[in-house]
Each structure stands twice: as C-alpha cells, then as structure tokens.
Amino acid sequence: MSWEAVIGLEIHVQLATQSKIFSGASTAYGASPNAQACNIDLGLPGVLPVLNERAVELAVRFGLAIGAQINQHSIFDRKNYFYADLPKGYQISQFETPIVGQGTITITPENGRSRTVGITRAHLEEDAGKSVHDLYPGMTAVDLNRTGTPLLEIVSEPDMRSAQEASAYFRQMHTLARYIGICDGNLAEGSMRCDANVSVRPSGQTEFGERTEIKNINSFRFVEQAIEHEIARQIDVLEAGGKIERETRLYDPDKDETRSMRSKELSNDYRYFPDPDLLPLSISEAFIERIRGELPELPDARQQRYTSTLGLSTSDAVAISSDIDRADYFDACLAAGADPKQSANWMMGELSAYLNKHDVTMTQSPIAPALLAQLIARIDDGTLSSKTAKTLFDALWSAGPAGDVDELIETLNLAQLSDDGALTQIVDELIVANPKQFDELRSGKEKMLGFFVGQVMKATQGKANPQQVNQIIRDKL
Amino acid sequence: MSEYSSLREMSADLAKGAYSSVELTQAHLERIQTANAALNCFISTNAESALAAATKADQQRAQGDQRATLGLPFAHKDIFCTRDILTTAGSKMLSNFVAPYDATVVSNMAAAGMISVGKTNMDEFAMGSSNENSFFGTVSNPWDHTRVPGGSSGGSAAAVAAGIVAGATGTDTGGSIRQPAALCGITGLKPTYGRVSRYGMIAFASSLDQAGPMTRTAEDAALMLGVMAGFDSKDSTSAERHDAWLDGVVANGIAVLDRPLTIGLPREYFSDNPNFGGIEAAKTELEKMGHTLVDVSLPHTESAVPVYYVLASAEASTNLSRYDGVRFGHRCEDPQSLQDLYERSREEGFGAEVKRRILTGTYTLSVGYFDAYYLKAQKIRRLISEDFQQAFTQVDVLLAPTSPTPAFEKNQLTDDHVAMYQQDLFTVPTSLAGLPAMSLPCGFSNGLPMGMQLIAPAFREDLLLELAAQYQRQTDWHLKRPEAVV
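Brief notes about the packing of helix α14 (residues 447-459) of chain A against helix α15 (residues 466-476) of chain A
Between two packed helices, what matters for the description is the angle formed by their axes and the separation of those axes. Residue and element names in this part refer to chain A. Between α14 and α15, the least distance of the axes is 10 Å, while the angle of their chain directions is 125°. In terms of orientation, α14 lies oblique with respect to α15. α14 and α15 meet at a crossing whose hand is right-handed. Between α14 and α15, the contacting residues are L449, F452, V453 and V456 on the first element and P466, V469, N470 and I473 on the second. Partitioned by chemical class, the residues of the contact of α14 with α15 number seven nonpolar, one polar and no charged.

A word on the interface of chain B and chain A
Contacts between chain B and chain A engage 37 residues on the former and 25 residues on the latter. Per element, the largest residue contribution to the side of chain B that touches chain A is three residues, and it comes from helix α10 (residues 304-319) of chain B. Across the side of chain B that touches chain A, the residue classes break down as 20 nonpolar, 10 polar and seven charged.

Quick notes on the sheet that holds strand β14 (residues 273-274) of chain A
A sheet is described by the order of its strands in space; here three strands give the open sequence β4-β3-β14 (chain A), paired in antiparallel fashion. At either margin of the open sheet sits one strand with a lone partner, and together these are β4 (90-93) and β14 of chain A.

Notes on the environment of B:I43
All names here are of chain B. Assignment of secondary structure puts I43 in strand β1 (residues 42-45). Residue I43 is classed as buried on the basis of its 25 C-beta neighbours within 10 Å. With 339 residues separating them along the chain, I43 and R382 place their C-alpha atoms 38 Å apart.

Re the nonpolar core
Membership of the largest hydrophobic core comes to 246 residues, with the highest contact counts inside it found for A:A59, A:A196, B:V397 and B:L454. If you tally residues by element for this core, the top one is α10(B), at 10 residues. Two domains each donate at least three residues to this core, and these are domain 1 (3-287) and domain 2 (297-411) of chain A. Among all residues touching A:A196, those that are not within four sequence positions of it are A:I7, A:L9, A:A166, A:I214, A:I217, A:V223, A:A226 and A:I227. Within the second largest apolar cluster, eight residues are counted, among which are A:L423, A:V427, A:V456 and A:V469.

Conventions used here
Residues numbered from 1 in each chain as written. Chains lettered and ligands numbered in written order. Predicted model: local features only at pLDDT ≥ 70, side-chain atom pairs only at ≥ 80, totals over all residues. Axes fitted to C-alpha atoms, helices over the stretch in contact; angles between N-to-C directions. Helix = DSSP H or I, 4+ residues; strand = E, 2+ residues; numbered from the N terminus. Parallel < 35°, antiparallel > 145°, perpendicular 65-115°, else oblique. Left-handed = near helix turned anticlockwise from the far one by under 90°. Contact = placed C-beta atoms within 7 Å. Nonpolar A, V, L, I, M, F, W, Y, C, P; charged D, E, K, R; others polar. Pairing = 2+ DSSP bridges. Buried ≥ 20, exposed ≤ 12 C-beta atoms within 10 Å, placed from the backbone. Core = buried A, V, L, I, M, F, W, Y, C linked by C-beta atoms within 7 Å. Domains from an automatic or database assignment.

In structure tokens:
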C-alpha cells in the first residue's frame, strides 16, 4: 500500500523586543541564571502583567506579511498547569481569540514544486523558564531568565505532505521572520522552535489518520529527520496491523528516533479562561496601517522585481531575495549606481566566497555596497580588467571599510595601460627584439599573435588592455 | 490627643503643633501594645520604620511642608506588599514572606507622608466574612469580644473601631471592606473597580479586588481615598482619568452637597428584617435632609451570590497557583519529587476555606463545566451590571443594608458555609458591577452596630462621600464607641 503523510507545524518565534512581553526585564540572551527575572517574571505575590506594545506591533507585522486577517479585538487567556519553571502556575497566552487570523505563505522545497501553505492563526504568549536537570545531581535547577520572553506561536494548516515540505516551510518562516525583523532567527539560542503534528493515511484517503506531536525541534535538519523518522515509524506500526496513539513524542537527534513523552489522553486540562489582569487587546485601524507602512518589501516582491525589472536569472534573484541582508546589500549596490547583473555576479561569486572563508556575515562585510559599486564602476570604465579587479577586491577586503578604490588602484598600480603611445613603443621594441617570430606572424602564423600579446602583458605586469594590444600588433602587419 | 480623634483632627493638631508626629506615632504604637492582646487585630507592627517616618515627617513640617496627610499614622491590611516588612495575607503560606517591593497603595501613602504603624489581620487571602480564616487567629469585635468583626478586612475594621488607629486600608472583593465596617460600626468605602491600583495587593479575584479606606468618618475616608487612588501604569485595569474633586479632596475635604438627590431603594434588598431598624430610621433622616426616596428594582440580585462564588473562586484558583513552594512562601520538609513538593507545600500552607475555593474554582474552569458555570456566571454578571445601569437612569444613588445581621458569635457560622456566604448578599452585586459603595453606621441591633450602604454609578465616589458627610453632620452613629475595648 502507498502512504501519504499529513504534516502541520506550530512554530514558536521569539519576538525581537528589548524587554519581556509583560514586564520591563531584558530579553537579552546569555545572562547568568535568573539575573533577568524581575518581580513580575518571578510571579511574586501582588505583581501584575502590563503588555509590551512592541510585541503587539511585531505580531501585527507578521500578520500583514502573510496577508492574514488582523483581529482588532483579541483576548489573553491563562493556560493553567504546574511546572517548576512556570512561576505563576499559568502561562498567559491567547486561546480562542488570537491576534492574527488566517493567512498563507508560499514555500519552494528543494527539488519540489512551489506550494501555498495555509496559516491557521498566530497568537501572542509568554515563554516559560528553563529547568536544568543535569547541573546538580538529584536536583533540578530553575533559570527564569527566559520567563516572559514574547513568543508568537504560528500554527499552520495540515497542508504539508512530506518532511521536505515541512522543512521548506520552517525555512521559509525563518526567512520571513528575519526579513520583517520580528525575530533574530538564531536557532541555536532557541529563537525559533517548532512542534510537528504528523499523521499518515493510505494514498487517496480523505480523512486524516491519528496524529502524534513531535515537540521542540530547533533546526531545519532535525525537522526533516524527525518527521522522516516519524512517518516511517507510523507506516511500520500501521503495516504491522497496529494503531497510532495520539501522543507527544520527543526527537532524539543523536539516535535519530522519536520516543513517547506523554500520552495526550493523560495530558492536562489547561482550564483556559480570560486573564482578568489584562484588558482585552484592542488595536485600531490606524495602528495597523502604521505597521503596514513600516513593512519592508517582502521576498516574493523583491524576487519579482529582480527578475522582471532588472533581468537577473531566477536562481540569482531567489538567492539574493531570500535573505534580507543580502537583498539589502544588493539594493544598496544598485543605489550606488552599480550594474545589477555585475553586482549579482560579484555578490554570488567573490563576496560570498570571502564571507564564507572568513566566517563573516553580510552585514559585517568589510566591503560595503558603495565600495563594491565603485569597483564595478572601474571595470565598466576600463580601468580594471577582470583580473586586476579581483586583486583590488582582495586588497579592499584587507583594507576594511576605510579602503579607497582609486587610491588602491594607484598604490597597487592596477590600472590598465590604455595609452596607445606607450603600448606602441613596447610593441615596436618587441618586434625589434624578436624579428624571427614577427616574420612568422607576418607569414600567417596566427599563433605568434599570442606570443606577442603575452610578451606585452609580461612587460606591463598584466595591466595592458589585451584587445588594444591585439589591435596595435595587427596594425604593424 | 484622644484615642478617637479623626485623621482630620490629628492633621489640624499636627499643623498647630499640639504634638509631633513622633509623639502621635508613639501613642499609636502603645495603643496597639495595649489593645492587641484582646483583639488580635494586628499581625505585625513596625515601630522602628514608623518612628523613622514620623521623624522625617516632623522635619518636613519644620521645613514648611503643610500637606494635610503629613505625619498621620494609619494601618495597612496585611494584603499589601511592603518592602522589608512581613506580608502574610493571613496565611501560613506567606507567614515567612517579606516582599522585595512596595505595593502602589503603600508607596502612595508613604509619598503623602502617612505613617504605617502595623499590618492588620485578615481572612486568609481575603477569603471570608468573619476573620475566622486567618492563620494568625480570629479577630475579636471591639463591641463584643465573643463576636467576629466581619471579614475579610476584620483586623482593619476592629483596629479603627477600637480607636487604635483612625484609618486603615482594606480590600473588598465581595464586601470585605463594607461588611466588617458595618459589623464594627465604622465607615468603609469600596471605590470603583480601577480607581485604586491593585499592583502589590495580593490577588484574590482580580476582576473584583479593590482597595479602599476604612475610617470612622466620611471625611477621613475621602482623605485616604485621595491618597490611595490614581492611575497606575503597573496595573492594566487601573482607570486613567482625572477627577477634579478627587485631585483636590486631600486639601479641600468633601464638598457640601448642594442639591437634593433621588435615592433608590432596591426592593430586593429590603425585607421585614428585625435588624433593619437603623436603616429605616436613616430613610426618614435622608428625607428630612431633602432627598427623595424611590423604590427601584435590581431583578438579578438573587443570582449575585452564586455568580460571585463561581467567578471569584475561578480567578482565585489560578491566582493562588503561584504558591507552590518553589520560589517563596511555605515549603514542605524534604520534598521527594516535584509533585510531592506541590502537594505537601499547598496542603500544609493553605487553610480549609482557601482550599475549598481553589477546588471550586478549578472545577468550574474544567473542560465540560466551563460553559455551565464560568461562562454562564459571566453572562449573569453582565445582567447584574445592567440592572444597576438601568436603576441609575432613575436615581442618583442607591441605599441598601450592608449586611443582613449584626456581628455574629465566633464559630456560629464556621460549619455552615452557605449561611456564611449569605453575609455577602448585599455587597457582592456592586462588586460584580464594579461600582463604588460605602458602608456607614446607621444604628444598632441588640446593642451591636448595623451599617447601611450607599451605592453610586462608576467613578462617582464624590456623590457617596458628599451624601455620607451630610448624613454624618446630621447624625452621630459614626461617633459611637464600644465601651470596653480591652
């Protein structure tokens, strides 16, 4: 029998706010344990939450970016359960009335067709703290720094049909989140985590099979591996005549397997109800329009512009537009007057190679867009050959932001010799010095042209314009 | 200085230098020493910080500070977090809890130069109508030590009634300021929900909790309200508004009521109750003062008590989840697991009434019961609110009894929870509607004080205070004192 997988993801995006969603404590990563847990985060008697407006702005920004309905009226609920790293004994979340309603996002899996994935909803909530079980033998340590960090939980429709699609969706969400500046996208620090709901059904069947939930996956690779594994496991169970239990499973990347965490049937009754400490959240049309005005040009629109208006190849356009830093760098090159195709070539070629080699991000590049644009301009005006341009690029990289294109061309003597008189003199001297070779050339031995051009290049340390040298020699014949 | 001086009188005495704030504070601390053994109305005192604050107030006065509130002693209900001073909420759970911060009400009072001399006893987590649910023991009613002072702000009410302090803060969720005020023969004001910040006030039921003053006179209630109230960005449910009368009330006192009011008598609150002699006389008095009394109806009144116990318990059940033995408060000995830590810390730390409400609230929020209890109660809450809105289209204020009985004997109702809950019959509807209400002494039944309640539209405490002040100029029920306090 052939099987079809059905996958939906819940992605928790840590919103890039300076302070927590309901308190003024810092959200910065890496502080010593509990240094960033204020009275409110600690859930002390008497404290009250106050909503961080920035978190609301970022949630609305996301909603607008996926073309979703923004609910002007939404409610914060308490999700009640006891855990040592949940100080209040409840998490403030949004249950029945989330801030962001239905939207869509387009994904393009590697070697796959583009498809549209539905977003069911996205809601604001606070993160819990961390329990550390392996620090002190026989005890659990609790670090509440993460408590109250604003999260946007993005729930997809069960629209994905393979682990590759799920991974592409996660990637696309990561790209978008960074693009619109709602999240720093740092997976290693847990800035984006996802839970995957996975089920399988016989191909052609319309109703869904029983699903399991894989919790807390924090890398693109693990999403794919974990789901791949879970699909295979479910098919094995079903083909052996077994039944899938609704349960929560944990992916162990070391063993490449998922294992049962807890059965959903035994799970908590969260006793959701509206948090009486917070008024219903009301946002105005004007607020939404202001956020809309602040949205950057989105990847799809940029890609469209790069191919249709600027004539880039689809692969270059996708590569550049999919990363906001790359896209901004590219647009800055254009703004500095550089040719789009040459900019793309240099970015995807030399610049990418140097960034990789030196493990530097696009925004930290010692060669700013304006410098690259200047370098390209010197190629366009014939000052640089493609060879000397690469030498200059290397020199600019070393010189850093203070590097000056024209000064370096001068210092390193990189300008092409285009002066007829000087080149003609060199050619004349070479003819005198190599009469035999010149006779052979004159008698039609074309190979000798290369010999003379080579000698000129040698004499000029590669700075002569080869076309011009060719022409001068031909004129001598 | 007399034990029964009002805050306003002490303010005048301080202003003319009859005594210093240090002397006054010292006298208050001595009164606590003498009277508390019999009444048990204080959980803790803070002589050192009180005297330091009084010294500072005297210095400020010497430098020309003429604020009416400067250097006036008072007491805080032990539900307000006070930095470096024990805050217990009447519970074993917090019997060791010292807050690292001040509640907004606490800092407001301190900023006004008022001096907290101690923290008053209360029903555990403000759950109760008799003050018998305190881990620190029952408070005695100064009028009869065999009787309860009411609750949950029983310690504050008793301390004021006994002349230990002229004013104390209280909190009212379903009647916890007004009912003990009535049972102890003092004046208690529950402001409009949102008028006074809840930040730092240990939560019982967040959508209902509201702090207010407990004093002997309406003038003193106004003085304290003027200090306690105000918008607080730390409380999302705090009302951001400016009322000129409130901004000026500390300096100017209560304005004289210059017009006759139409006073509504909700039919559902009155009956042939033999305890209601006082309020019947008050009706006559109010008419003599030129006001018109009309009958009105608040048809959903009888649902108020069950609705209140569903909603308040639901909120309480999750508000009290933070008391888990992990970060502060009572922790059981030698926990064997996280589950064991939770179970034993909460089993040992909470009293019976608190557990009853946590269980009730957890039940009503559970899957399968939520719609039938919580949601339904919310709907009825709206109807109760609309009853009042409707009534206020016809009348300026409402007059009602505060409690059905005067102070009852200790242990009389402890096994009859429903009868105990009926103590709140006349006070919970206004709490559910978030309206301001005030209890004033209006006479006696069997030698025990009875209270009457004035209820106004939202944010119209000015009406309550003006009418109460007028009533107190014509009558002297608020000046009656219990005979033998100690």
